[in-house]
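Chains, contacts and geometry: an overview
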Amino acid sequence: MSRRAAHVIAAEIVRRPDCVLGLATGSTPVGTYRQLIDWNRAGDLSFRQVRTVNLDEYKGLAPGHDQSYRYFMQQNLFDHVDIIPENTQVPDGLAADADAECARYDSYIHDLGYSDLQLLGLGRNGHIGFNEPGEAFVKETHVVDLTQSTIDANARFFASADDVPRQALTMGIGCIMAARRVLVVASGADKADAVYNVVCGPIDPHCPGSILQLHPDVVLVADEAALSKVTAAGVAVCG
Ligand code: F6R
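Summary of the structure given here. (Residues numbered from 1 in each chain as written. Predicted model: local features only at pLDDT ≥ 70, side-chain atom pairs only at ≥ 80, totals over all residues. Heavy atoms only, no water.)

**So, the nonpolar core**
Heads up, the condition is: Residues grouped as a nonpolar core are buried Ala, Val, Leu, Ile, Met, Phe, Trp, Tyr and Cys residues, joined through side-chain atoms within 4.5 Å. Burial classification: accessible surface area is computed with a 1.4 Å probe over protein chains only, and a residue below 20% of its type maximum counts as buried, one above 50% as exposed, and the rest as partly exposed. The secondary structure listing takes helices from DSSP runs of H or I that are at least 4 residues long and strands from runs of E that are at least 2 residues long, numbered from the N terminus. In what follows, residue pairs with any heavy atoms lying within 4.5 Å of each other are defined as contacts.
In terms of nonpolar packing, the biggest core is built from 56 residues, with Leu 21, Leu 36, Phe 47 and Leu 77 touching the most fellow members. Ranked by residues supplied to this core, first place goes to helix H1 (residues 2–15) with six residues. Beyond its immediate chain neighbours, meaning those up to four positions away, Phe 47 contacts Ile 13, Leu 21, Leu 36, Asn 40, Val 81, Asp 82 and Ile 83. Of all hydrophobic cores here, the second largest spans 11 residues; its members include Ile 151, Ala 155, Val 164 and Ala 168.

**With respect to the packing of helix H7 (residues 192–200) against helix H8 (residues 224–232)**
As a reminder, the rule being used: Under this scheme, a helix contributes an axis fitted over its contacting stretch, all axes are lines through C-alpha atoms, and angles between N-to-C directions fall in the 0 to 180 degree range. When an angle is under 35 degrees it counts as roughly parallel; over 145 it counts as roughly antiparallel; between 65 and 115 it counts as roughly perpendicular; any other value is oblique. Crossings are classed by handedness, with left-handed meaning an anticlockwise turn of the near helix from the far one by less than a right angle and right-handed meaning a clockwise turn. The residue classification treats Ala, Val, Leu, Ile, Met, Phe, Trp, Tyr, Cys and Pro as nonpolar and Asp, Glu, Lys and Arg as charged. All others, Gly included, are polar.
Look at H7 against H8: their axes get within 7 Å of each other, and the N-to-C directions meet at 45°. By the angle class used here, H7 and H8 are oblique. As for the relative orientation of H7 and H8, their crossing is right-handed in sense. Only Ala 225, Ala 226, Leu 227, Ser 228, Lys 229 and Val 230 of H8 make contact with H7, whose side of the interface consists of Ala 192, Asp 193, Val 195, Tyr 196 and Val 199. Within the contact of H7 with H8, the residues separate by chemical class into eight nonpolar, one polar and two charged.

**Some details on the packing of aromatic side chains**
How two aromatic rings sit relative to each other is given by the distance of their centres and the angle of their planes. Worth spelling out the cut-off: Stacked, tilted and edge-to-face are the three classes assigned to paired rings of Phe, Tyr and Trp, where Trp is represented by its six-membered ring and a pair needs centres within 6.5 Å; plane angles under 30 degrees give stacked, over 60 edge-to-face, the rest tilted.
Here the structure, examined in full by the defined rule, presents four aromatic pairs. Between the aromatic rings of Tyr 58 and Tyr 69, the centroid separation amounts to 4.8 Å while the plane-to-plane angle is 45°, which identifies the pairing as tilted. Pair noted here: Tyr 58 is in strand E3 (residues 56–58) and Tyr 69 is in helix H3 (residues 69–76), with a separation of 11 residues, a long-range link. Residue classification places Tyr 58 among the buried residues on the basis of a relative accessible area of 1%.

**So, the site of the ligand**
Which entries qualify depends on this criterion: When at least one non-hydrogen atom of a residue lies within 4 Å of a molecule or strand, that residue is treated as near it. We call two N or O atoms a polar contact when they sit within 3.5 Å, provided that within protein one can donate a hydrogen and the other can accept it, with sequence-adjacent residues counted only if both atoms are side-chain atoms.
Surrounding the ligand, one finds 14 residues, the nearest of these being Thr 28, Asp 56, His 127, Gly 129 and Lys 191. A distance of 2.8 Å is found between an oxygen atom of the ligand and a side-chain nitrogen or oxygen belonging to Thr 25. The separation between an oxygen atom of the ligand and a polar main-chain atom of Gly 129 is 2.7 Å. Of the residues in the shell around the ligand, the class split is three nonpolar, eight polar and three charged.

**Some details on the pattern of salt bridges**
Just so we agree on the cut-off: Every case where a carboxyl oxygen of Asp or Glu lies within 4 Å of a side-chain nitrogen of Lys or Arg is listed as a salt bridge.
Taken as a whole, this structure holds seven salt bridges when the rule is applied. Among the salt bridges present, the one from Glu 12 reaches Arg 15, with a minimum N-O distance of 2.8 Å. One end of the pair is Glu 12 and the other is Arg 15, both in helix H1 and three residues apart, which spans about a single turn. Here Asp 217 makes a salt bridge to Arg 181, at a shortest N to O gap of 3.1 Å. One end of the pair, Asp 217, is in the loop between H7 and strand E9 (218–222); the other, Arg 181, is in strand E8 (residues 181–186), with 36 residues separating them in the sequence. Overlapping salt bridges, with partners in common, bring together Arg 16, Asp 116 and Arg 180 in one network.

**Describing the side chain of Thr 25**
Among the secondary structure elements, Thr 25 is positioned in the loop between strand E1 (20–23) and helix H2 (30–41). In this view, Thr 25 contacts Asn 54, Asp 56, Tyr 69, Phe 72 and Met 73; residues no more than four positions away in its chain are not counted.

It is worth stressing that arrangement in space is one thing and function is another; only the former is reported here.
Listed below in structure tokens is the structure:
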């Protein structure tokens, strides 16, 4: 699964060496990043001209904090490939004015011309980035209160659930939907409901990923467990 997702990303970089990649953290893309690192080390893939924008960052965590998403990206990709550090962007979780940082992030992505390829994981509750279920899709990059479901899911990375930050800065639905292509990765049975709701459910902000049904170019790469409810519903998948 990770290798398939890596192929989609590598194809984008080969086709457009100076592409803009929207990147995600979390456990699902780790294998994909590892594969990209291997190809980079082998000399088969270069990140030299690639620019990246990450989806989100915890509010209040410094870039050097071992659970910050900046730290994650350094550890899992950036430190191991030939990307130019200045070409990587993650929202600043320590910004004194978080709303101003969100506005800066939106205009930075706008000025880049939006992502050529946006990589997304899927929360158990259907979130994309940290766009949590709610009453409306939020277009702009914004500060979000994390739901209990997300805090519980992410507690595995912290000493306890109490240590999980309660807020994050997240790219809004606008920048995600403006990406020319979207690659969603999902694995494990605990994602089966979210995958089903994203693919087969109504387009509803209570499942933020369902907005992707309106995107013209989405690739979903998932394992059998994550696809189980979709396949049970008779949706055809490529083997
Ligand atoms: C991470 C992100 C989140 C994760 C999602 C799934 O940058 O934006 O939406 O993609 O929470 O996380 P994992 O892969 O850990 O299950």
